[in-house]
Structure formats: structure tokens, C-alpha cells
Amino acid sequence: MGRLKQKGKAGAAKTYITRSSAVKKLQCSLADFRRLCILKGIFPREPRHKKRANKGSTAPTSFYYAKDIAYLAHEPVLNKLREHKAFAKKISRALGRGEWSTAKNLEDNKPVYRLDHIIKERYPSFIDAVRDIDDALCMIHLFASLPSNPRVSPALIENCVRLTAEWQLYVMHTRSLRNVFLSIKGVYYQAEIMDQNVTWLVPYQFPQNIPSDVDVRVMLTFLELYQTLLGFVFFKLYTDAGLVYPPPLDSGRDESGAGVGAFNLRPVNPAATGGPTSDTPKVSSKEVRQTIKSITAESSSVPPNDVDIDRTDSFHDAAEEEFVPQASKSDLDVPSSLPTLLSLSSLPKLSSTNIFAPYTFWLSRESSRSIFEFLIRSFGGRIGWPVSSGGGSPFTEDDEAITHVIIDRPTAKGDTAQEQERRRRRKYVQPQWVVDCINAGKILLEDLYAQGKTLPPHLSPFGERDGAYDPTIGLANVENSLIEVDDAELSEDSQEVEDVEMGSELEGDVKSMAALAVATADDPEALRAAELAAEAAGVDFGTFEKEVQKKQKQQKHKGDAVVNGGGEEDMNKILMSKRKRQLYERMKYGEKKRAAEHAKLEEKRTKIEKDRRRKARAS
């Protein structure tokens, strides 16, 4: 006889555990439980049968895997949180009794936990950490723009500002930036770090306010984890690039508002780190053993001499071995010119990371310095700014090397002779020109982005879906349709139109009556009424009968096409499971919704262009 199954001891009831039971098992508060789950990456689960998982109860609750909770029970951070709880009780008691020396000793020995082991657990390899820094970068850029308050300390914001500056310095130094998009939310950046695309969002520099309904404690827990993660990642990136981490900060330039320019990138000194200073190639133990064997084998016939291990020549010859082009056997006059790996590697690589290298930019006071300094320096350009935008500008506005001026205000009249001379020597462009050049990978014409002109559409470079609305394609279609409309308006004659309308009125009546007859073919009385109406309108019965037969054939063909197409689709849906059928219907609904939005935008664009064309013609 098998063992009897007890209710709540197996299956879903054993696999899952409710949140209240998990808090009771870990003997911690709900806030500490949330912090632990965020730090360890544990999140609620959705059981297939909630009633079974909740041991017959239907009350709404959150479920977790029981194994995840058992995993949390052995977490060192949990012990530190318990120690902190005891510390809070002791220091509050000491302060209440006026024992200031005891309170000071407790404060000096305050329990502090570290998250280094959690980072190593969650990210076994460095590539895993690079793939997961998108949210971390968005979070630190968000907190770097927030004001300090009792819930967000100034030291926390200062640390976030330092991390953002270190990230921008690395991206500018390695020329890793690839795409930029100016949106309503902020500026989207995408960089390529170790063959991984990293995308993050930076808010605009407006006065921010923390809403009262936002739980800042949860965000601060995420921020605590992300700061530790970025510290590890930045140290590895800077070390691989041969730079000192953290980069030294010039306090004087920082106080003058230099921003990113207050940090100095310094190369690592091998002597200071204790690394090897000689260039002698390392010899493995296997090579040493092979050399010893060769010495003992040759000792009987060859007198002992000093043995030099010289393997660099053979490797050098093997590395420089190249395929020799031979003449063609079919045509002896034409020599062969096949490319080899060595010849291909020696070719210059086309790169768009230095598109701004030949240019020098001056930033107008109304343009965001933090954004465009980062963009232009990431692509090899030089940029200066006025004193009102902060200190640390490498040159002034009178510099003769300035080629472009980034300006975002309308043109002003009454320029002085000096300003007119500057305009002849420099290109005045709007800020969108910089972003569009980066996304295009080349320098675009400045005429479309000149000061005071209407800018072309700014499109997202992050791979939109197929068939998405493209304003540039829509412009071409609208222009073609407008040309056709204009040609029709110029060639039409009002008198001819009236004649055509009078001649086709009778034909329209016949077709409408025939359509009515086909629609009411099952009702004899309605069919008889349509025949009488046609006779009263002066339509011949034979003509009416032919038109009815023609409409019936068209309706039959249309119905067959619908049945054939819809029948196959219905058969495919019948063979699907319920879940797959619902997913398919949601996909179809999404496609129809996107198609309707696309058509609406096209119609709106066409209307705008037509109105613009009429106004231009009227003027």
C-alpha cells in the first residue's frame, strides 16, 4: 500500500509560498523582505492554480517559489539586517538614557553590509554585467538630475553625478557611441561596449520634483544595487582601456562648472602597479621540459653549451606567411590578384566614429552643453561654449578655427560687420544637425538645418518595425498625389463635367436599382418593387435584367473569394490550441491597429501638404 497523500504537503502547495508566510519564515519585516528580493533578483510567481497553491483559499495574495525563500534564508545580508535592527534598539535606548559615550561607540561600530558577493552571484561573467547595465545607467542619470530632500541625500546625488561623468568619459575616450535620439522623455543614447549594445535614457535639464506618491525606498534599493554593479563594470572597463579608475577630479575646475571636463583621464603606470617592466617573452613550463629533454638527448654527442630558447623567429615567419598570387592557367597574360587575410587586414577600415574630427564647434548659450559636449567629443570634434554655460571652455568665441556654430534661436536682424564676417566664415546649424549626422554616419548638408529653417523629420535610429510610418516616404507619395491632383484640376472643364454627370445619371439609377434587386433577390415583393421602379424611371426591362445578372455574378465571385480565403484561415485557427489562437488574434488586432494609425498619419500628412500647396498657389 502506497503512502497516503496529505492535503497541502505536495504539488503546488509545496512548490509555492505566500508572501506573509515567507516574511514569517525569514523573521524580518516586510520592508527588509522587499529589499532582499530586489537585491537577490527574486520576484513573485504566478501559479497555474492559485487555489491549490494557497491550500484551498481564494484570497488574493502574492506567491514565491519555496526554494527561493530557502535560498534567502542563508543570505549574509539578512543577518546584517537583523544586526542593524538590534543596533537601532540599542542606540535609541542609549540616547533615551543620555549615555552619549555608549551611543558614540555604537555609532562607530554600526553594522554595514556589502553587495559585492551578490554582484558576483548574479553576474558570473563580465559580458552578463555589460548586458544588464541599461537600467542601471537610466537610474543613475535620473537621480543625478533630482534635487536633494530628506529622502534623497546630497551624497547619494553626488555619487550618481560622479558615475555618470565616469561613464561619459569612457564612452568619449573609446568612441563607443553609435546612435542618438531626441525624444519627449529625454535623450536616448546607444553605445557599443564589447560587442553589446547598451541603451540608456538621459532626462533633459529641467527642474525636477519627486512626486509624493512614488515609493522612493524601492527605487533607492535598486539604486544601491546599481551603484555597486557600475563600480565593478567601470573598474573593469577602465582597466582594460589602460586608464586609472576612478579618474582624478580637479576640484577647482569642478567648482567653476566644468562638468565632465573636471575629470582627468590618466594612463596606468606599470611601475606603480608592480607589473613587469621588461618585454621578455614568457616561457611556459611545457617548453622548459621539452628543452631539457633535447639537452639530455644531445649531451652524449654534443659538448655542453649554453642553450638559448629562441622561438620568436619561427612564430614570426609563420605569422608573416602570405599567399603568393599565381598567374592564371587559362589566361597567361592576366596575373592573379586574390586578396589574402594579411592584405585585407592592412586595408583602411571605414569608420564613422571620427566624423567631427575636422571641425571645431561653438555652442550657443541656449543649447544644452552637457548633451552636445558629449556627442561632439564622442566623435572626435572640438567644442567650446560661453562662460554662461560653465567654465572650462578650451577656446573663446573669437577663435579662427571655429567652423560650425550650434544655435537654436531665430535669426536676428541688424548684425554688426563683425557678426556678418563670422557668418560668412562659419556654418550656423540647428542642434538636430549634429544628431542626424551621427545617426547617418556621415556629414549631412547644412542647408536643410540652417538657422531659422523648418527642420526635416527626426526619425528614431533604433530599428523600427517593418511597415512603420516613415515621413520621408510619405512626402514622396504626397508629392506624387498632389501633382496628379493639380494636373486634374488644370485640365478639367466645368462644362464637360456637367455633361458627363447628366449622361451618367441614368446609368447610375440602373446600377443602383440592380444592386437593390440583387440584395432583395430572396424577397419576391421587394424584387417586384425594384422592377416597377426601373420601369417608372424609363429603363428598359432587358437592360435591367442584364444589369441584375451582372451584379449577381460579381457578388458570387466576391463571395467565393471570401469563403476560400477565410475558410483556410478558419481551418488554421481551429487546429490551434486556445492559447495560441488567442495569441494569434492579439497579433492580428495589433496589425490592424498599426495599419489604421499608419493610414491616419498618411491622411493627415496629405491634408497638410494640400493646404500648404493651396496657400502657396493663392499667394
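Residues numbered from 1 in each chain as written. Predicted model: local features only at pLDDT ≥ 70, side-chain atom pairs only at ≥ 80, totals over all residues. Heavy atoms only, no water.

Quick word on the overall build of the chain
Reasoning step 1: Counting secondary structure elements, the chain contains 25 helices and nine strands.
Reasoning step 2: Relative to its 619 residues, the chain shows a buried fraction of 28%.
Reasoning step 3: For the chain, long-range pairs separated by at least 24 residues make up 62% of all intrachain contacts whose partners lie at least 6 apart in sequence. (Helix = DSSP H or I, 4+ residues; strand = E, 2+ residues; numbered from the N terminus. Buried < 20%, exposed > 50% of the residue type's maximum accessible area, 1.4 Å probe, protein only. Contact = heavy atoms within 4.5 Å.)

Quick notes on the pattern of salt bridges
Reasoning step 1: The full count for this structure, using the stated rule, is 23 salt bridges.
Reasoning step 2: Ionic pairing is found between Asp-108 and Lys-104, a salt bridge with its closest N-O pair at 3.4 Å. Note that Asp-108 and Lys-104 are positioned in helix α7 (residues 100–108) at a spacing of four residues, about one turn of the helix.
Reasoning step 3: Note that Arg-377 is salt-bridged to Glu-373, the shortest N-O span being 3.3 Å. (Salt bridge = Lys/Arg side-chain N within 4 Å of Asp/Glu carboxyl O.)

Some words on the nonpolar core
Reasoning step 1: In this structure, Phe-33, Trp-167, Tyr-189, Trp-200, Phe-356 and Leu-375 are the most contacted members of the largest nonpolar core, which totals 86 residues.
Reasoning step 2: Excluding its chain neighbours within four sequence positions, the residues that come into contact with Phe-33 are Arg-19, Ala-22, Val-23, Leu-26, Cys-28, Tyr-64, Ile-69 and Leu-72.
Reasoning step 3: With six residues, the next largest nonpolar core counts Trp-362, Phe-395, Ile-407 and Tyr-428 among its residues. (Core = buried A, V, L, I, M, F, W, Y, C linked by side-chain atoms within 4.5 Å.)

Here we look at a positive patch on the surface
Reasoning step 1: A cluster of basic residues, Lys-85, Lys-89, Lys-90, Arg-93 and Arg-97, forms a positive patch at the surface.
Reasoning step 2: Among the secondary structure elements, Arg-93 is positioned in helix α6 (residues 76–97). (Patch = residues over 30% accessible without salt bridge, like charges linked within 9 Å, V, L, I, M, F, W, Y side chains within 5 Å. Areas by Shrake-Rupley, 256 points an atom, 1.4 Å probe, with all protein chains shown as cover. Lys, Arg positive; Asp, Glu negative; His and termini not counted. Charge placed at Lys NZ, Arg CZ, Asp CG, Glu CD.)

Brief notes about the sheet that holds strand β4 (residues 186–193)
Reasoning step 1: The three strands are arranged β3-β4-β5 in an open sheet whose pairing can be described as antiparallel. Two strands bound the open sheet, and with one partner strand each, they are β3 (177–182) and β5 (196–203). Strand after strand, the sheet turns through a mean of 15 degrees between neighbouring axes, direction not considered.
Reasoning step 2: As paired strands, β4 and β5 are joined by eight bridges and run antiparallel to one another. Bridge assignment links Gln-190 to a residue of β5, and that residue is Thr-199. (Pairing = 2+ DSSP bridges. Axes fitted to C-alpha atoms, helices over the stretch in contact; angles between N-to-C directions.)

A closer look at helix α12 (residues 216–240)
Reasoning step 1: Relative to the 36 Å expected for 25 residues at 1.5 Å per residue, α12 spans 35 Å between its end C-alpha atoms, a close match to the ideal helical length.
Reasoning step 2: Positive backbone phi, at 75 degrees, marks Gly-242, one or two positions downstream of α12. (Expected span 1.5 Å × (residues − 1).)

Here we look at the sheet that holds strand β8 (residues 404–406)
Reasoning step 1: Taken together, four strands build an open sheet; the order of strands is β7-β6-β8-β9 and the sheet is parallel. Two strands bound the open sheet, and with one partner strand each, they are β7 (382–384) and β9 (427–429). Strand-to-strand twist in this sheet, taken as the mean axis angle between neighbours without regard to direction, amounts to 25 degrees.

Brief notes about the pairing of β3
Reasoning step 1: As paired elements, β3 and β4 share five bridges and run antiparallel to each other. By the bridge assignment, Val-180 is partnered in β4 with Tyr-189.
Reasoning step 2: Linking β3 to β4, which pair antiparallel, is a turn of three residues.

Side note on the side chain of Arg-422
Reasoning step 1: Of note, Arg-422 is situated in helix α19 (residues 417–425).
Reasoning step 2: Accessibility expressed as a relative area gives 12% for Arg-422, which makes it buried.
Reasoning step 3: Of note is the side chain of Arg-422, whose polar atom sits 3.4 Å from the side chain of Glu-397.
Reasoning step 4: When neighbours within four sequence positions are excluded, Arg-422 is seen to be in contact with Glu-397, Asp-398 and Tyr-428. (Polar contact = N/O pair within 3.5 Å; in protein donor to acceptor, adjacent residues only side chain to side chain.)

Quick word on the packing of helix α3 (residues 30–40) against α6
To characterise two packed helices, one gives the angle between the axes of the helices and the distance between these axes.
Reasoning step 1: Between α3 and α6, the least distance of the axes is 11 Å, while the angle of their chain directions is 155 degrees. By the criterion of interaxial angle, the relationship of α3 to α6 is roughly antiparallel. Considering how the two elements wind past one another, α3 and α6 form a crossing that is right-handed. Taking contact as the criterion, the partners of Asp-32, Arg-35, Leu-36 and Leu-39 in α3 are, on α6, Val-77, Leu-78 and Leu-81.
Reasoning step 2: Split into classes, the residues belonging to the contact of α3 with α6 amount to five nonpolar, no polar and two charged. (Parallel < 35°, antiparallel > 145°, perpendicular 65-115°, else oblique. Left-handed = near helix turned anticlockwise from the far one by under 90°. Nonpolar A, V, L, I, M, F, W, Y, C, P; charged D, E, K, R; others polar.)

Quick notes on unusual backbone geometry
Most peptide bonds are trans, and most residues other than glycine sit at a negative phi.
Reasoning step 1: Note the cis peptide between Tyr-245 and Pro-246, where omega equals -5 degrees.
Reasoning step 2: Relative to the helices and strands, Pro-246 is located in the loop between α12 and α13 (251–255).
Reasoning step 3: Positioned with a positive phi, Met-194 is a non-glycine residue whose angle comes to about 55 degrees.
Reasoning step 4: Residue Asp-195 is not a glycine yet carries a positive backbone phi of 65 degrees.
Reasoning step 5: Here Asp-195 is to be found in the loop between β4 and β5.

Topic: the side chain of Asp-436
Reasoning step 1: Looking at the secondary structure, you find Asp-436 in helix α20 (residues 432–440).
Reasoning step 2: One buried charged side chain, Asp-436, makes no salt bridge at all; its nearest oppositely charged neighbour is Lys-442, positioned 12 Å away.
Reasoning step 3: Ignoring sequence-local partners within four residues, the contact set of Asp-436 consists of Leu-444, Tyr-449 and His-458.

Topic: the packing of helix α11 (residues 154–174) against helix α18 (residues 369–378)
Reasoning step 1: Interhelical geometry of α11 versus α18 gives an angle of 30 degrees and a closest axis separation of 8 Å. It follows from the interaxial angle that α11 and α18 lie roughly parallel. Judged by residue contacts, Gln-168, Val-171 and Met-172 of α11 engage Glu-373, Phe-374, Arg-377 and Ser-378 from α18.
Reasoning step 2: In terms of residue class, the contact of α11 with α18 is built from three nonpolar, two polar and two charged.

A short note on the packing of aromatic side chains
Reasoning step 1: Counted according to the given criterion, the structure contains 17 aromatic pairs.
Reasoning step 2: Measuring from centroid to centroid gives 5.2 Å for Tyr-189 and Phe-374, while their planes differ by 75 degrees, and the two rings are edge-to-face. Linking Tyr-189 in strand β4 with Phe-374 in helix α18, this pair joins segments that are 185 residues apart in sequence.
Reasoning step 3: Members of the aromatic cluster, connected to one another through ring pairs, are Trp-167, Tyr-189, Trp-200, Phe-234 and Phe-374. (Phe/Tyr/Trp six-rings, centres within 6.5 Å; stacked < 30°, edge-to-face > 60°.)

Details of the confidence of the model for the chain
Reasoning step 1: Per-chain confidence: the chain averages 78 in pLDDT, with 74% of residues scoring 70 or above.
Reasoning step 2: Taken together, the stretch residues 338–350 has pLDDT below 50 and engages in six contacts with residues farther than four places along the chain or on a different chain.
Reasoning step 3: Ignoring residues within four places in sequence, the model shows residues 492–506, a span with pLDDT below 50, making two contacts including any to other chains. (pLDDT = per-residue confidence, 0-100.)

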